[in-house]
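Listed below, chain by chain, are the residues.
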Amino acid sequence: MLQATNVSLRYGDKKLFEDVNIKFTPGNCYGLIGANGAGKSTFLKILSGEIEPQTGHVSLGKGERLAVLKQDHFAYEEYPVLQTVIMGHTRLYEVMQEKDAIYMKSEFSEEDGMRAAELEGEFAEMNGWEAESDAAVLLKGLGIDESAHDKKMADLSGAEKVKVLLAQALFGSPDILLLDEPTNHLDIQAIQWLEEFLINFENTVIVVSHDRHFLNKVCTHIADVDYGKIELYVGNYDFWYESSQLALQMAQDANKKKEEKIKELQNFIARFSANASKSKQATSRKKMLDNITLDDIKPSSRRYPYVAFNPGREIGNDLLRVEGISKTIDGEKVLDNVSFTLNRNDKVAFVGKDEIAKTTLFQILMGEMEPDEGSYTWGVTTSQSYFPKDNSKFFDGSNMTLVEWLRQYSPEDQTETFLRGFLGRMLFSGEEALKKANVLSGGEKVRCMLSKMMLSQANVLVLDEPTNHLDLESITSLNNGLIKFKGSILFTSHDQQFINSIANRLIEITPKGIVDKEISYDEYVADQKLQKEIASMYA
Ligand SMILES: Nc1ncnc2c1ncn2[C@@H]1O[C@H](COP(=O)(O)OP(=O)(O)OP(=O)(O)O)[C@@H](O)[C@H]1O
Ligand SMILES: [Mg+2]
């Protein structure tokens, strides 16, 4: 059993947790929910011991093990798959590293020999010799083929990456599994797979997610992070939503009654306090009045950012011409002779099963990668702004405040007033605008990337999975901002509603060429003849 007792944590003015008490019992699946920046990832870090709370403590049942799948799925890009899994057993991995370092030495002292023997002992005790085969079995169970074991994490698709990270977390059979937004970067099939996996997983799961359907499927409990507290509800997400709305309604009704009572008492006091014979009564009524307090009604701190992209100039006749682009990565042909021409006003969703193909195409079009063959030409009147799937390079290790960070992307107006106004609309106000870029939560980073894009005044937006990490309110704002945008858009998303409401054209990249249709996503999916044809292109 995992328990947090009187846990408090604050960063500057921001109170993330105040005297939080919560118990997680075996066999349950807890959905940890809350707005971007509410403190969900931080709370998982407190539970796993990565961060010390300022007050209180966390206790874990005797002999129980806890494992984590973190929100950043790009943290192991440089490591091979099998090694990434083994890193899940921290101590074993440390021993392996130290052992290897000693054996690599050209001169081997007596001391080294003793240390190596010590490490070998510990290694054997932890079943170290079986680590690789154990990891391989686990990967196989999760559907990762043996041919992928030596690949770098960077070369895997999002769904494969999550499976490897899950294997890492499961390596060493944890009693408690903490998952931070595991469905980001997953397609529908992979999400369904994960749902099944979690439903059948017998130990305790605590999972952070913004995906309502997913939460409804897997959760037995919902833990809502808001105003420094964590409220626990039994049931799935819909049940939490209904009951929290009801509780709010009841609190509002109760307050209305109290307000009426207060008014009545105030009137009484006003009328009679001047009248000597009744003044005693009036005083006691006044006392009563003092005792009535209106419960603070806190509807929820979830808020909508303001997302609006304004192109600096109109796009002329030509938007983009792509001619015969091919690209092979790691011996696999990812793009095979891809050609298409886009026109202004096109809002194109790139769909299809191969996520790496879509991302590679965007990277080529944004000049981050060279095609092996073929070429592309952007219209002379176009300017592009890019939202890459992995934004870590913009934030990792950055010591800048948010104002400084944003200033880099604001050539025209560099004043603090302007930048703060901008940040305020993206929900960073007051002291929040002065925090460091590298402490941002997943959703906060996305809000900053969107601010950067808004400042660019580009007339073409290229967005690779922009809804990952965002809470519902922010997804809605982004969705509306993209619908209203007067320029052109090239994007990918696994959110069907998002695609359907924005795209007026679909391009599907299949192994046997592209499908290109100027229709809505709903029409695309409903066209059975077309879908049959497409299915044959994957066969
Ligand atoms: N060292 C720090 N100094 C100041 N603020 C911090 C620090 N670390 C985290 N924060 C802030 O604490 C808040 C909580 O961050 P956390 O990553 O836990 O949010 P989250 O609920 O997981 O959000 P998301 O849904 O976007 O992932 C954020 O506003 C973040 O900017
Ligand atoms: Mg988070």
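Small disclaimer: the values here were computed from a predicted structure and weren't measured.

Colleague: Tell me about the overall build of the protein, residues and numbers included.
Modeller: For the protein, the count of helices and strands is 19 helices and 18 strands. By residue count, 36% of the 539 residues in the protein fall in the buried class.

Colleague: Tell me about the sheet that holds strand S13 (residues 373–378), residues and numbers included.
Modeller: Strand order in the open sheet formed by three strands is S11-S10-S13, and the pairing between neighbours is antiparallel. Strands at the two margins of the open sheet, each flanked by one partner only, are strand S11 (332–343) and S13. Averaged over all adjacent pairs, the angle separating strand axes in this sheet is 15°, with direction ignored. Alignment of strand S10 (residues 318–329) against S11, held across eight bridges, turns out to be antiparallel. Residue pairing across strands places Arg-321 opposite Thr-341, the latter belonging to S11.

Colleague: Help me get a handle on the site of ligand 1, residues and values and all.
Modeller: Within the structure, ligand 1 sits among 19 residues, and Gly-37, Ser-41, Thr-42, Ser-441 and Gly-443 are positioned closest to it. Among the secondary structure elements, those contributing two or more residues to the shell around ligand 1 are helix H1 (40–48) and helix H15 (442–456). In the shell around ligand 1, the residues fall into five nonpolar, eleven polar and three charged.

Colleague: Can you lay out H1 for me, pointing to particular residues and giving the numbers?
Modeller: Of all the nine residues making up H1, seven are buried; the element is thus mostly covered by neighbouring parts of the structure. Residues Lys-40, Ser-41, Thr-42, Phe-43, Leu-44, Ile-46 and Leu-47 constitute the buried set of H1. Looking one or two places after H1, you find Gly-49, whose phi comes out positive at around 90°.

Colleague: Break down the domain arrangement of the protein for me, with residues and values.
Modeller: Structurally, the protein comprises domain 1 (240–291) and domain 2 (318–538). Measuring from the centre of the C-alpha atoms in domain 1 to the corresponding centre in domain 2 gives 54 Å.

Colleague: Hey, could you go over the sheet that holds strand S1 (residues 2–11) for me, with residue numbers and the actual values?
Modeller: Taken in spatial order, the three strands of this open sheet run S2-S1-S4, and their pairing is antiparallel. Looking at which strands have only one partner, the edges of the open sheet turn out to be strand S2 (14–24) and strand S4 (55–60). Put simply, the sheet's adjacent strands are angled 20° from each other on average, direction ignored. The pairing of S1 with S4 spans five bridges and is antiparallel. Looking at the pairing, Leu-2 lines up with Leu-60 of S4.

Colleague: Report on the environment of Met-449, specifying residues and quantitative values.
Modeller: Looking at the secondary structure, you find Met-449 in helix H15. C-alpha of Met-449 to C-alpha of Tyr-241: the two residues are 208 residues apart in sequence and 30 Å apart in space. Sequence-distant contacts of Met-449, that is, excluding residues within four places in its chain, are made with Phe-387, Asn-391 and Phe-394.

Colleague: Give a description of unusual backbone geometry that names residues and reports values.
Modeller: Unusually for a residue other than glycine, Asn-337 sits at a positive phi of about 55°. Counting through the fold element by element, Asn-337 comes out in strand S11. Of the residues examined, Asn-337 has 13 C-beta atoms within 10 Å and is grouped as partly exposed. If you check the backbone angles, Leu-427 has positive phi at about 75° while not being a glycine. Assignment of secondary structure puts Leu-427 in the loop between helix H14 (416–425) and H15. Residue Leu-427 is classed as buried on the basis of its C-beta count, with 20 C-beta atoms lying within 10 Å.

Colleague: Quick one: what's the story with the nonpolar core, residue by residue and with numbers?
Modeller: By size, the foremost hydrophobic cluster in this structure holds 67 residues, and its most contacted members are Leu-32, Val-85, Ala-135, Val-164, Ala-167 and Leu-178. Among the elements that make up this core, the one with the highest residue count is helix H6 (residues 158–170) (eight residues). Other than its neighbours up to four places away in sequence, Val-85 contacts Ala-135, Leu-138, Leu-139, Val-164, Ala-167, Gln-168 and Phe-171. Judged by nonpolar contacts, the second largest core, of 62 residues, contains Leu-423, Ala-437, Leu-478 and Ala-503.

Colleague: Requested: an account of the pairing of S10, with residues and values cited.
Modeller: The turn linking S10 back onto S11 is made up of two residues, and Asp-330 within it adopts a positive phi angle of 55°. Two elements, S10 and S13, share five bridges in a ladder whose sense is antiparallel. What sits directly across from Val-322, in S13, is Tyr-376.

Colleague: Which residues make up the environment of Glu-533, and what values go with them?
Modeller: Tracing the backbone shows Glu-533 in helix H19 (residues 528–538). The exposure class of Glu-533 is exposed, given the 12 C-beta atoms found within 10 Å. Sequence separation between Glu-533 and Val-515 is 18 residues, and the spatial gap between their C-alpha atoms is 9.6 Å.

Colleague: Describe the pairing of strand S3 (residues 29–33), and please don't skip the residues or the numbers.
Modeller: Within S3, five of the five residues are buried, which leaves it mostly tucked inside the rest of the structure. Along S3, one buried face is formed by Cys-29, Gly-31 and Ile-33 and the opposite face, lined by Tyr-30 and Leu-32, is buried too. Inspection of the sheet shows S3 paired to strand S7 (residues 204–208) by four bridges, in the parallel sense. Each bridged residue has a counterpart across the sheet, and for Cys-29 the counterpart in S7 is Val-205. Where S3 meets strand S8 (residues 221–226), four bridges bridge the pair, whose relative direction is parallel.

Colleague: Run through the packing of helix H5 (residues 131–141) against H6, naming residues and quoting values.
Modeller: Between H5 and H6, whose axes approach to 10 Å, the crossing angle comes to 130°. Between H5 and H6, the angle is such that the two are oblique. Relative to H6, H5 is oriented so that their crossing is right-handed. Between H5 and H6, the contacting residues are Ala-135, Leu-138 and Leu-139 on the first element and Val-164, Ala-167 and Leu-170 on the second.

Colleague: Can you lay out the environment of Asp-522 for me, pointing to particular residues and giving the numbers?
Modeller: You can see Asp-522 is positioned in helix H18 (residues 521–526). Look at Asp-522 and you get partly exposed, because 13 C-beta atoms sit within 10 Å. Once the C-alpha coordinates of Asp-522 and Gln-497 are considered, the two residues, 25 residues apart in sequence, prove to be 9.1 Å apart.

Colleague: So what's going on with the packing of helix H3 (residues 90–104) against helix H4 (residues 110–125)? Which residues, and what values?
Modeller: At their nearest, the axes of H3 and H4 sit 10 Å apart, and the two run at 150° to each other. By the angle between their directions, the pair H3 and H4 is classed as roughly antiparallel. Every pair of crossing elements has a handedness; the one defined by H3 and H4 is left-handed. Along the contact surface, H3 presents Val-95, Glu-98, Lys-99 and Ile-102, while H4 presents Asp-112, Arg-115, Ala-116, Leu-119, Glu-122 and Phe-123. Taken together, the residues of the contact of H3 with H4 break down into five nonpolar, no polar and five charged.

Definitions and cut-offs
Residues numbered from 1 in each chain as written. Chains lettered and ligands numbered in written order. Predicted model: local features only at pLDDT ≥ 70, side-chain atom pairs only at ≥ 80, totals over all residues. Helix = DSSP H or I, 4+ residues; strand = E, 2+ residues; numbered from the N terminus. Buried ≥ 20, exposed ≤ 12 C-beta atoms within 10 Å, placed from the backbone. Pairing = 2+ DSSP bridges. Axes fitted to C-alpha atoms, helices over the stretch in contact; angles between N-to-C directions. Near = placed C-beta within 6 Å. Nonpolar A, V, L, I, M, F, W, Y, C, P; charged D, E, K, R; others polar. Domains from an automatic or database assignment. Contact = placed C-beta atoms within 7 Å. Core = buried A, V, L, I, M, F, W, Y, C linked by C-beta atoms within 7 Å. Parallel < 35°, antiparallel > 145°, perpendicular 65-115°, else oblique. Left-handed = near helix turned anticlockwise from the far one by under 90°.

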